[in-house]
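As a plain string of letters, each chain reads:
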Amino acid sequence: MSSETLEFQAETRQLLQLMVHSIYSNKDIFLRELISNASDALDKLRLESLIDKDLEADTSDLHISLEVSAEDRTLTVRDNGIGMSRDDVVQLIGTIAKSGTAEMLRKMRESKDAAAKQELIGQFGVGFYSTFMVADKVTLVTRRAGETGGTRWESAGEGTYEIEAVDDAPQGTSVTLHLKPEDPDDQLHDYAADWKIREIVKRYSDFIAWPIRLGDSDTPLNSMKALWARPRSEVSDEEYHEFYKHVSHDWTDPLETIHMKAEGAFEYEALLFIPSRAPFDLFSRDGKRGVQLYVKRVFIMDDCEALTPQYLRFVKGVVDAHDLSLNISREILQQDRQIQVVRRRLVKKVLSTLSELRENAAEKYGTFWKEFGRALKEGLIDDADNRDALLDLLLLPSTAGSELTSLRDYVSRMKEDQKDIYYMTGESRAMVEHSPHMEAFLAKGYEVLILTDPVDEVWVERITEFDGKPLQSIAKGQVDLGATETPAEQQEEFAPLLKYLGEKLQEDVKDVRLSSRLTTSAACIVGDEHDITPTLEKMYRAMGQELPRTKRILELNPTHPLVTGLRSAFSAAPDDEGLVETAELLYGVALLAEGGELADPARFTRLVADRLARSL
Ligand SMILES: Nc1ncnc2c1ncn2[C@@H]1O[C@H](COP(=O)(O)OP(=O)(O)OP(=O)(O)O)[C@@H](O)[C@H]1O
Ligand SMILES: [Mg+2]
């Protein structure tokens, strides 16, 4: 039969380059990856044969076998699982379907330092390709269960691979590595040695549910115990961690392990993990979420969305439910009442674990927050049932210092006369801190939360209070800062000017009024309580949404010389054309001060230049 030479997809080629010139120091993990794929293949075959009674497949002795040849310097990992068709091989082994691959590779190219590269590749998970860290040629022979013909694939990990049909392939897949020479300095161990293979399997793959046999021996190397079914006291942290790496494809230890067992009407066990760092695609639209679902030790599906809400998409692990049907579909799961109960319990448990971390392991919680805080904030929008628990988990920047603060700590620092929890949203800390809206709050010593995550714009709209204290944006509504209220006679004095400005600026603002939030600036722009913020407006536009322009309110500082001067000029000569330009400048200055963008910067600069020229 004829063999064909095909090219790897460009991204795969780049990834292979990284593997061939390995950037990862722990090369032993290639075996974990191959065993993990073999185990998945056996899971899939068992499930398919349970559901499809007509599938012609041999499931009598499902297992993984390892064969080494010291003479040929080869290692073969064989499974008699589901196997692959020719198209599968081209699709699955020749291309990388993961979302965000290009992005990850770009970052990897940009980062000069080796440790950072290692981090990135670890987050991505390279699976099958990790074989090229230890092999200079890889041969894969596979036959899909139920089909007659097989496929042979071979590559040296450079630009191309060979593929051909074979007719004597056994059901399942075998992967043969033609090992690179041993090189202890480069962490390349002797992977053709029995003892080394035993050691790696014991360390990384002990919990695999299928027997892993070495050579002719029938005694498995692994204990095959489902970790979640064993009492917590009998499982070591190391075992939990390796299991985590198996289900998550992460290369680092998890931050926290959660083990749950429920007996009674609906029995299940759950083994969940909170990773110690965010995957590269945490915020990509098609990123996967959900834990693995098992039914009485039988693997049913990956990424079971029904079991965790979107905002907890970073939680990894396994749920083994005892009373579900094996061929339950994703759609049915979403509706299943008992699954919904399980989901509610999982959420509560994850949140209470986080709360314990926050109280007893601040540093760990800090790591968690840095990696996943932004995702957790989405819960404030989506999960009304757990709103209080989520609010307690927030860590936010504030004007009180460079450390993040919880809302509770903020409340404990509130001034005696302070009724509200103040915050301001914006694009960056500097922009918020220097915005004119801040002035009177800083002058009075009130702390203001600085919210610069895009998601902050959304959740602050939903959350009205914490601990009985209203949440109040300092850039919205009328701010009542007690003693600084504008006296009635001042209001009267300014009324004609405010009315005049309101008319002249009606294209840009819906009202002009005196401010009690300014101490040094002449003017600022504020929103009504329910107006959309400029940052949010920008975000919507960036996403391609059409929005009517939101007009806000111009507030003037009645003690600022520019404002008092304008009032005098107006009462002296209300028809002066120059006043219109001054009004325009005032509005432009207020807009710039909050980091906004002028509608017509050229006109603005011309007006400023004219004024400057006249003042010289
Ligand atoms: N032994 C095998 N039997 C059947 N299919 C396999 C086998 N090994 C790999 N595959 C197929 O090739 C795909 C790619 O494998 P690879 O290990 O690169 O990625 P993955 O397992 O999907 O994800 P990860 O990066 O987390 O390992 C698998 O998803 C699977 O469909
Ligand atoms: Mg894999």
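That block above? That's the structure.
Residues numbered from 1 in each chain as written. Chains lettered and ligands numbered in written order. Predicted model: local features only at pLDDT ≥ 70, side-chain atom pairs only at ≥ 80, totals over all residues. Heavy atoms only, no water.

What to know about the sheet that holds strand 3 (residues 74-79)
Here comes step 1: The sheet built from eight strands is open, its strands ordered 1-6-5-4-7-3-2-8 with mixed pairing. Of all the strands in the sheet, the pair left with one neighbour each is strand 1 (3-7) and strand 8 (212-214). Neighbouring strand axes in the sheet, compared pairwise and without regard to direction, differ in orientation by 20° on average.
Here comes step 2: In terms of strand pairing, strand 1 meets strand 6 (residues 160-166) through five bridges, oriented antiparallel. Its bridge partner being in strand 6, Thr5 is matched across the sheet by Glu162.
Here comes step 3: On top of the sheet, helix 6 (residues 194-205) reaches strand 2 (64-69), strand 3 and strand 8; it is set at about 170° to strand 8, its chief contact. (Pairing = 2+ DSSP bridges. Helix = DSSP H or I, 4+ residues; strand = E, 2+ residues; numbered from the N terminus. Axes fitted to C-alpha atoms, helices over the stretch in contact; angles between N-to-C directions. Contact = heavy atoms within 4.5 Å.)

Section: the side chain of Glu447
Here comes step 1: Positionally, Glu447 belongs in the loop between helix 14 (439-444) and strand 17 (448-451).
Here comes step 2: In this structure the side chain of Glu447 is engaged in a polar contact, spanning 2.7 Å, whose partner is the side chain of Ser398.
Here comes step 3: For Glu447, the residues in contact, after removing those within four places along its chain, are Ser398, Thr399, Ala400, Thr405, Tyr410, Arg413, Gln418 and Tyr422. (Polar contact = N/O pair within 3.5 Å; in protein donor to acceptor, adjacent residues only side chain to side chain.)

Focus on the packing of aromatic side chains
Here comes step 1: Applying the stated rule across the entire model yields 21 aromatic pairs.
Here comes step 2: Note on Phe8 and Tyr161: the rings are 4.9 Å apart at their centroids and 55° apart in plane angle, and the pair reads as tilted. Highlighted residues: Phe8 in the loop between strand 1 and helix 1 (10-20) and Tyr161 in strand 6, separated in sequence by 153 residues. You'll find Phe8 and Tyr161 in the same group, each marked buried. (Phe/Tyr/Trp six-rings, centres within 6.5 Å; stacked < 30°, edge-to-face > 60°. Buried < 20%, exposed > 50% of the residue type's maximum accessible area, 1.4 Å probe, protein only.)

Focus: the sheet that holds strand 21 (residues 523-526)
Here comes step 1: Strand order in the open sheet formed by three strands is 20-22-21, and the pairing between neighbours is mixed. The sheet is open, and its two edges are formed by strand 20 (509-514) and strand 21, each paired on a single side. For this sheet, the mean angle separating the axes of adjacent strands, direction not counted, is 25°.
Here comes step 2: As paired elements, strand 21 and strand 22 (residues 552-556) share four bridges and run antiparallel to each other. Within the sheet, the bridge partner assigned to Ile525 lies in strand 22 and is Leu554.
Here comes step 3: In this fold helix 16 (residues 488-504) packs onto strand 20 and strand 22, with an angle of close to 160° to the strand it touches most, strand 20.

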